[in-house]
Amino acid sequence: MLELDCGQEFDASRDDDFFSALPPRPAVCLVEPRAASGQPLLIRTQDLRRRMHRLLGPPDPTSRRLNLRDFARGVRYRLTGSPLEQTLAYYRHAREIFPQRYAKMMRLRPPAVLKVSLRNAYPRCFVTRRIPVDSSGIPTHGAYYGPFASRKFAHDFANSSLDFFKVRRCQIKIRRDPAFPGCLYSEMKMCLAPCFAGCSKEEYAAEVQRLVQFLDTGGGSLRTAIEQERERASDDLDFERASAIHKRIEKLDDALRGTPDLIRRIQDINAVILQRAAEDQTIAAYAVRSGRLAEPCFIRFAEIAGQPRSAEQIFREYLEPLAAPASAGAPANIPGNLSEHLWLVARWYYSNPREGEIFFHDKDWPYRRILRACSRLLNPKPIEPAPKSGAATPNPEKGTT
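Residues numbered from 1 in each chain as written. Predicted model: local features only at pLDDT ≥ 70, side-chain atom pairs only at ≥ 80, totals over all residues. Heavy atoms only, no water.

1. Section: the packing of aromatic side chains
Centre-to-centre distance and the angle between the planes together describe a pair of aromatic rings.
No. 1: Throughout the structure, instances matching the rule amount to nine aromatic pairs.
No. 2: Arranged with centres 6.2 Å apart and planes meeting at 70°, the rings of Tyr91 and Tyr102 form a pair that is edge-to-face. Residue Tyr91 is located in helix α3 (residues 83–97), and its partner Tyr102 is located in helix α4 (residues 102–106); the two are separated by 11 residues in the primary sequence. Here Tyr91 and Tyr102 have matching classes, each one buried.
No. 3: Residues Tyr349 and Tyr350 carry aromatic rings whose centres are separated by 5.2 Å and whose planes lie at 85° to one another, so their mutual orientation is edge-to-face.
No. 4: Members of the aromatic cluster, each reached through a chain of ring pairs, are Phe10, Phe18 and Phe19. (Phe/Tyr/Trp six-rings, centres within 6.5 Å; stacked < 30°, edge-to-face > 60°. Helix = DSSP H or I, 4+ residues; strand = E, 2+ residues; numbered from the N terminus. Buried < 20%, exposed > 50% of the residue type's maximum accessible area, 1.4 Å probe, protein only.)

So this is what it looks like as structure tokens:
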């Protein structure tokens with residue numbers, strides 16, 4: 001679906017015809033060598049014609065700029081309608097053509113995630129960039145949440161969230177030694193202190209389960225529990241305690257404020273990203289299934305009028321199998337491992353400005369909102385020019401001032 005579907009042979013004696021046939025539009029392009037032993041060049045560009053003119057035009061003897069006029073046999077390219085499509089097309093072909101160095105070419109780095117290491121007898125929550133998976137591609141050795149915009153953001157979120165739980169933050173090996181002095185968190189009653197047998201294994205496991213539920217629900221489980229505790233205090237006319245509990249709710253709201261919708265358990269990242277495609281009146285839909293990007297679906301609204309299927313039906317046929325990952329009808333995933341797909345999704349989601357829209361699957365797909373988003377993408381509002389400084393502004397009461 002993201003193939004380099006256009007191509008052209010290069011003849012230096014007819015380079016004017018070659019350059020004029022290339023569209024001045026964003027694209028991913030592969031420059032093919034004449035020699036069989038040569039290495040092709042894969043590039044991304046915002047103006048294909050101008051970039052090819054720089055690479056394949058007549059060389060300037062006074063310039064040290066790269067010139068491939070004698071090197072190139074031809075080019076294959078794909079026009080792209082959005083930065084996400086360009087990144088995905090470049091990633092897919094770089095991974096296929098340069099399997100040893102595509103990560104360096106893209107400056108690819110796994111995103112930061114939170115891990116609750118459930119394999120440990122006394123689990124803790126920490127930030128990591130490594131997500132091991134089993135043979136079926138499911139994350140193992142713990143529960144993973146993210147991806148975050150940066151490691152610092154992940155650390156800040158973890159620290160503010162762990163203040164509500166008594167889960168250990170140390171990295172020492174727990175021996176349950178009563179002679180162990182403990183740490184500052186145990187002195188402040190912010191840790192159950194399994195290091196010096198301050199709790200039973202069952203009590204610690206229950207506290208870890210509370211943390212996992214908190215992360216699974218985006219803080220909803222803890223907020224509900226605190227609100228119920230506040231209501232009980234109010235019913236008992238213990239208003240001082242109710243006021244203290246209310247301050248905990250405010251602290252929780254501060255900790256969760258600004259948390260992106262993308263932050264959730266990796267297996268629960270099921271969404272669809274909508275982008276404007278390179279074709280006229282066409283939307284590219286990129287489904288995300290358990291954190292992995294599926295092959296895109298291109299919805300050509302100019303052709304839908306003459307088809308028996310509606311746009312909503314096309315979306316349903318593409319998205320419904322995603323609710324059951326084992327379904328044979330689900331679209332195939334783009335090749336690549338889980339960490340790389342999370343990096344691609346996070347790179348787009350946290351970009352500024354971010355082009356396109358995303359919708360998450362919770363209980364169902366919001367088809368009406370998806371179709372309205374398609375309309376917005378195909379008919380963007382024109383950007384009004386900023387008023388010049390010193391220009392007169394209309395006054396609704398007195399006319400022009």
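2. Here we look at unusual backbone geometry
No. 1: The omega angle of the peptide bond from Gly146 to Pro147 is -5°, so this bond is cis rather than trans.
No. 2: Examined against the element boundaries, Pro147 turns out to sit in the loop between β7 (143–146) and α5 (151–162).
No. 3: A cis geometry characterises the amide bond from Asn352 onward to Pro353, with omega recorded as 5°.
No. 4: Its location among the elements puts Pro353 in the loop between α12 (338–349) and β13 (357–360).
No. 5: The residue Ala193 is not glycine, and still its phi comes out positive at about 55°.
No. 6: Counting through the fold element by element, Ala193 comes out in the loop between α6 (184–187) and α7 (201–216).
No. 7: A relative accessible area of 3% places Ala193 in the buried class.
No. 8: The residue Leu237 is not glycine, and still its phi comes out positive at about 60°.
No. 9: In this structure, Leu237 sits in the loop between α8 (220–235) and α9 (239–256).

3. Points about α12
No. 1: For α12, with 12 residues, the first-to-last C-alpha span of 16 Å sits near the 16 Å given by 1.5 Å per residue.
No. 2: By the burial criterion, the buried members of α12 are Leu338, Ser339, Glu340, His341, Leu342, Trp343, Leu344, Val345, Ala346, Trp348 and Tyr349.
No. 3: Considering only its buried residues, α12 is in contact with α3, α4, β9 (271–276), β10 (282–289), β11 (292–293) and β13.
No. 4: The backbone nitrogen of Ser339 has a side-chain oxygen 3.2 Å away, supplied by the residue at the start of α12, namely Asn337. (Expected span 1.5 Å × (residues − 1). Contact = heavy atoms within 4.5 Å. Polar contact = N/O pair within 3.5 Å; in protein donor to acceptor, adjacent residues only side chain to side chain.)

4. As for the packing of α3 against α12
No. 1: It is the contact of α3 with α12, at a shortest axis distance of 10 Å, that shows an interaxial angle of 155°. Judged by the inter-axis angle, α3 sits roughly antiparallel to α12. Read as a crossing pair, α3 and α12 show a hand that is right-handed. Two secondary-structure elements touch here, α3 through Leu84, Thr87, Leu88, Tyr91 and Arg95 and α12 through Glu340, His341, Leu344, Arg347 and Trp348.
No. 2: For the contact of α3 with α12, a count of residues per class yields five nonpolar, two polar and three charged. (Axes fitted to C-alpha atoms, helices over the stretch in contact; angles between N-to-C directions. Parallel < 35°, antiparallel > 145°, perpendicular 65-115°, else oblique. Left-handed = near helix turned anticlockwise from the far one by under 90°. Nonpolar A, V, L, I, M, F, W, Y, C, P; charged D, E, K, R; others polar.)

5. Topic: the nonpolar core
No. 1: In terms of nonpolar packing, the biggest core is built from 39 residues, with Leu88 and Leu293 touching the most fellow members.
No. 2: Counting residues per element, the ones that place at least two in this core are β2 (27–33), α3, α4, β9, β10, α12 and β13.
No. 3: The element contributing the most residues to this core is α12, with seven residues.
No. 4: If near-sequence neighbours (up to four positions away) are discounted, Leu293 is found in contact with Leu88, Tyr286, Ala287, Val288, Asn333, Ile334, His341, Leu344 and Val345.
No. 5: Grouped together as the second largest cluster of nonpolar side chains are 35 residues, Ile226, Ile249, Leu256 and Ile263 included. (Core = buried A, V, L, I, M, F, W, Y, C linked by side-chain atoms within 4.5 Å.)

6. Side note on the environment of Arg316
No. 1: Tracing the chain through its elements places Arg316 in helix α11 (residues 311–319).
No. 2: Arg316 gets classed as partly exposed once you look at its relative accessible area, which sits at 34%.
No. 3: As for Arg316 and Val113, which are separated by 203 residues in sequence, their C-alpha atoms are 31 Å apart.
No. 4: Those residues in contact with Arg316, other than ones at most four positions away along the chain, are Pro321 and Tyr367.

7. Overview of the sheet that holds strand β3 (residues 41–45)
No. 1: Strand order in the open sheet formed by four strands is β1-β4-β2-β3, and the pairing between neighbours is antiparallel. Pairing within the sheet leaves two strands with one partner each, and these edge strands are β1 (6–9) and β3. Mean inter-strand twist for the sheet, computed between neighbouring axes without regard to direction, equals 20°.
No. 2: With four bridges connecting them, β1 and strand β4 (residues 72–79) associate as antiparallel partners. Following the sheet pairing, Glu9 is matched in β4 by Gly74.
No. 3: The sheet contacts of helix α2 (residues 48–56) involve β2, β3 and β4, and relative to β3 the element is tilted by about 140°.
No. 4: Packing of α3 onto the sheet brings it into contact with β2, β3 and β4, and relative to β3 it is tilted by some 175°. (Pairing = 2+ DSSP bridges.)

8. Quick look at the layout of surface pockets
No. 1: The computed volume of the largest pocket comes to approximately 360 Å³.
No. 2: Lining the largest pocket are 19 residues; nearest its centre among them are Leu215, Thr217, Gly218, Ile263 and Arg264.
No. 3: Contributing elements (two or more residues each) for the lining of the largest pocket: α7 and β8 (264–265).
No. 4: Counting residues per element, the lining of the largest pocket draws most heavily on α7, at three residues. (1 Å grid on protein atoms, 1.4 Å probe; cavity = no way out; pocket = protein on both sides within 12 Å on 5 of 7 lines; lining within 4 Å. Points joined across faces, edges and corners; volume = space filled by probe spheres on them.)

Any functional reading would require information that these geometric values do not contain.
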